[in-house]
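Structural features, examined
Read off the chains here:
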Amino acid sequence: MSTPQGAAGAQKGDELPPLRVHLTRADLVRYAGASGDFNPIHWSDRVAGVAGLPGVIAHGMLTMAVAGRVVTDWVGDPALVRSYGTRFTRPVVVPDDDTGALVEITGTVADVTETDGVRVARIDVKAVFEGRSVLGRATAEVVLPD
């Protein structure tokens, strides 16, 4: 796994260490409590079905946050993240079991710039569930550690 020292020497094209996360229904309950988003599509199979969804889905912002971990783990300090944004392209369907939904996350250094002695990397993040991308245009900008 890359270390913060690896982030310090980052170059365009570098790949961040991949991350695999299993989201469970318990994670959805905890996130609902923390965020205040109690929309029943995130906990009720019946309501999710009525809404035309294939099952209970993870909160988009939870998926985004989990995907952002690939960046914060790599850079070593979440305070070094200047920006992070994405579009939500597909839901992550979370089964009612102990395994949950596997989200596989990768990142690539898309660019490195330097201004006034501060090196900044743009990271392209990819999150995949069941072989399909669930985030679009997921990009973070981080200050690289010395």
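The structure contained in this document is the topic of the report that follows. Since the structure is predicted, the reported quantities are computational estimates derived from the model, not experimental observations.

**Section: the overall build of the chain**
Tallying secondary structure elements over the chain gives 4 helices and 6 strands in all. In the chain, the order of α-helices and β-strands from amino to carboxyl end is α-β-α-α-α-β-β-β-β-β. With respect to the three principal axes, the spread of C-alpha positions in the chain is 55 × 30 × 25 Å. Counting across all 146 residues of the chain, residues that qualify as buried make up 40%. Contacts in the chain between residues at least 24 apart in sequence constitute 68% of all its contacts with a sequence separation of at least 6.

**With respect to the pattern of salt bridges**
Inspection of every chain in the model, using the stated rule, returns 4 salt bridges. E104 is the salt-bridge partner of R20, the closest N and O atoms lying 2.8 Å from each other. Linking R20 in strand β1 (residues 19-23) with E104 in strand β3 (residues 101-115), this pair joins segments that are 84 residues apart in sequence. The exposed category is assigned to R20, whose relative accessible area is 54%. Its relative accessible area of 34% is what places E104 among the partly exposed residues. Put simply, R30 and D27 hold a salt bridge, and the shortest N to O gap is 2.7 Å. With R30 and D27 both in helix α2 (residues 25-35), this residue pair falls 3 residues apart, about one helical turn.

**Some words on helix α4 (residues 60-75)**
The periodicity of an α-helix, 3.6 residues per turn, causes residues three or four positions apart to be oriented the same way. Along its 16 residues, α4 runs 23 Å from first to last C-alpha, staying within 8% of the 22 Å computed at 1.5 Å per residue. What α4 keeps buried is the set L62, T63, M64, V66, A67, G68, V70, V71, W74 and V75.

**Observations regarding the pairing of strand β6 (residues 135-143)**
In this structure, strand β2 (residues 81-88) lies alongside β6, joined through 6 bridges in antiparallel fashion. The partner of V81 across the bridge, within β6, is V142.

Cut-offs used in this document
- Residues numbered from 1 in each chain as written.
- Predicted model: local features only at pLDDT ≥ 70, side-chain atom pairs only at ≥ 80, totals over all residues.
- Heavy atoms only, no water.
- Helix = DSSP H or I, 4+ residues; strand = E, 2+ residues; numbered from the N terminus.
- Buried < 20%, exposed > 50% of the residue type's maximum accessible area, 1.4 Å probe, protein only.
- Contact = heavy atoms within 4.5 Å.
- Salt bridge = Lys/Arg side-chain N within 4 Å of Asp/Glu carboxyl O.
- Expected span 1.5 Å × (residues − 1).
- Pairing = 2+ DSSP bridges.

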